[in-house]
Amino acid sequence: MNAVLDLLAAIGRSLFAVLSAAGAVAIFAAVALSHVVRPPFYPRLLLRQVLDIGYFSLPVVALTAVFSGMVLALQSYTGFARFSAEGAVATVVVLSITRELGPVLAGLMVAGRVGAAIAAELGTMRVTDQIDALITLSTNPMKYLVVPRIVAATLVLPMLVLVADILGVLGGFVVGVFKLDFHPGTYMARTWEYLEFQDVFSGLVKAAVFGFIIALMGCYQGYHSKGGAQGVGAATTNAVVSASILILTFNYIITELFFAR
Amino acid sequence: MRETPKIRIRGLSKAFGPKRVLDQLDLDVPAGRGMVVIGGSGSGKSVLIKCILGLIEPDAGTIEIDGRNVLAMSRSDREAVNAQIGMLFQQGALFDSLPVWENVAFGLLARRMMTRRDARPRAVEILAQVGLGADVADLSPSELSGGMQKRVALARAIAARPDIMFFDEPTTGLDPIMGAIIDALIVEQVKRLGATAFSITHDMASAQRIADTVAMIHGGRIIWVGPAAAIRESGNPYVDQFVRGSSEGPIKMEVRR
């Protein structure tokens, strides 16, 4: 009996900890959003974050997209050939890339690159009193540190995903034409034939949500880090892990909202 | 009639879990004078200064600056009060993403007191006041020695000509000569600005250089206040032990064997 009670207590404690953390993140997000529309604004910092998060993530996102498109074409071809349905390769590639792989893979790659960097930077600022110094200099750290990162990530992720969509389809095209001997015109016609606005749009909506999640978790974990170098390391890990899990969770939720029949 | 203290603290309490760090602490900091709070490690000095600056919310008590309770203020009023405050952090807390001159001018730019074009020459002027040349203005804080970083942090603290200056262990991590130089700069700048200075330290040599009045914190309360010149004849066994730096006396440090 005691063992059962101990188990229930442990489950209850874990559940309480998860709910408490979710509540803290929600409050942090609400406070950050309330500062988005209230001055002062820091356009110079916003521009720097757009460059850091968007421009400098281009290579990693581009490579991920190209190779994903290439491998997707190859795998779908070998699978569909068993049913004599090779003609569907181009359609599968474009729908998979725009609806799922583009936003999810770009989101996960940016979570690793940018989420970790945000958590490490803010965490170091926290443990070296730089965030306290901002307050003593009449500067609200939420406005100065958190808002530019969240706004920049939310704005640039859709642009990155648009690039990823184009390059992913291009990767599939290259494999389709040069390795699988599809006619270029036919491949492109099949790519456009079943593609709808909603396929691309849903991917861009996902990207904006993922960008918000990545910056939010990076800022939240960094802002609340403590305990020196070890604390900053833990904040960085937590930022990437929590952002990745949330990206996969919200990916399902948004897919359900857009495509559930 | 007694002059209103610049900072007046009454019944200030703060606990972290079961550990009571500040316990009904009372303290008056007179205007235009230098007060140093001394005390051992973990005695609550840093928590006290962070409570005054609004970086930690106390559990109970009042903190008045110029007669206004800052704990009951709105965020915008509190930011207005902070605009008349300068703070030198223990490790400098310079923004490592900004060059030295932007660190120094940060408060001026944040409070829209001048444009970026005007702020740079002003920052160079302030750097000169703490003995640094214009050649450091464009360097990153990480390229400076500990003593230089402390000077830049002092330059940032005095840039907006504050009414009240706070110093958290200003000589920590510095050699004795650089410590004395920083203390001399602090005294010079505080005097020049006519500011009230509130410092915390466990460095007795530093305390005697920068203090007009010394207060000792122990067990979460102020247990002695007196003129800096009289600290060696305080008649208080806790102060005597601390000043002598002796392990024998009423102060028992928590040491696990």
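Scroll up to find the structure.
Read on for an overview of the structure.

Procedures and definitions
Residues numbered from 1 in each chain as written. Chains lettered and ligands numbered in written order. Predicted model: local features only at pLDDT ≥ 70, side-chain atom pairs only at ≥ 80, totals over all residues. Heavy atoms only, no water. Helix = DSSP H or I, 4+ residues; strand = E, 2+ residues; numbered from the N terminus. Buried < 20%, exposed > 50% of the residue type's maximum accessible area, 1.4 Å probe, protein only. Contact = heavy atoms within 4.5 Å. Areas by Shrake-Rupley, 256 points an atom, 1.4 Å probe, with all protein chains shown as cover. Salt bridge = Lys/Arg side-chain N within 4 Å of Asp/Glu carboxyl O. Axes fitted to C-alpha atoms, helices over the stretch in contact; angles between N-to-C directions. Left-handed = near helix turned anticlockwise from the far one by under 90°. Nonpolar A, V, L, I, M, F, W, Y, C, P; charged D, E, K, R; others polar. Buried area = accessible area lost by both parts, 1.4 Å probe. Polar contact = N/O pair within 3.5 Å; in protein donor to acceptor, adjacent residues only side chain to side chain.

## What about the overall build of chain A?
Reasoning step 1: Secondary structure assignment for chain A yields nine helices and zero strands.
Reasoning step 2: Taken from N to C terminus, the helices and strands of chain A fall in the order α-α-α-α-α-α-α-α-α.
Reasoning step 3: Dimensions of chain A along its principal axes, counting C-alpha atoms only, are 65 × 60 × 35 Å.
Reasoning step 4: Counting across all 261 residues of chain A, residues that qualify as buried make up 44%.
Reasoning step 5: Looking at chain A alone, contacts between residues at least 24 apart form 85% of all its contacts between residues at least 6 apart.
Reasoning step 6: Per element, the accessible surface of chain A, about 12900 Å² overall, is 73% carbon and sulfur.

## With respect to the pattern of salt bridges
Reasoning step 1: By the definition in use, this model includes 18 salt bridges over all chains.
Reasoning step 2: Note that B:Arg221 and B:Asp23 form a salt bridge whose closest N and O atoms lie 3.7 Å from each other. Here the residue B:Arg221 occupies a position in strand β10 (residues 221-227), and B:Asp23 occupies one in strand β2 (residues 19-29), the gap between them amounting to 198 residues.
Reasoning step 3: Linked by salt bridges that have partners in common, A:Arg126, A:Asp132 and B:Lys50 make up one network.

## Observations regarding the packing of helix α6 (residues 141-178) of chain A against helix α7 (residues 184-193) of chain A
All names here are of chain A.
Reasoning step 1: Put simply, α6 and α7 touch, their axes get as near as 10 Å, and they point 145° apart. Crossing of α6 over α7 shows right-handed handedness. Here Val169, Gly172, Phe173, Gly176 and Val177 of α6 lie close against α7, whose contacting residues are Pro184, Tyr187, Met188 and Thr191.
Reasoning step 2: Tallied by class, the residues present in the contact of α6 with α7 amount to six nonpolar, three polar and no charged.

## Points about the interface of chain A and chain B
Reasoning step 1: Contacts between the two partners involve 19 residues from chain A, matched on the other side by 23 residues from chain B.
Reasoning step 2: Summing both partners gives a buried area of about 1800 Å² for chain A against chain B, and 55% of it is carried by carbon and sulfur.
Reasoning step 3: In terms of surface lost to chain B, no three residues of chain A exceed A:Thr136, A:Leu137 and A:Ser138, which account for 33% of the buried area on that side.
Reasoning step 4: Of the charged contacts in the structure, one is a salt bridge between A:Asp132 and B:Lys50, with a shortest N-O distance of 3.9 Å.
Reasoning step 5: Linking chain A with chain B are four residue pairs in polar contact (both at pLDDT 80 or more).
Reasoning step 6: Elements that contribute at least two residues to the side of chain A that touches chain B include exactly α2 (43-54), α4 (89-127) and α5 (130-136) of chain A.
Reasoning step 7: In terms of residue count, α5(A) provides more of the side of chain A that touches chain B than any other element does, six residues in total.

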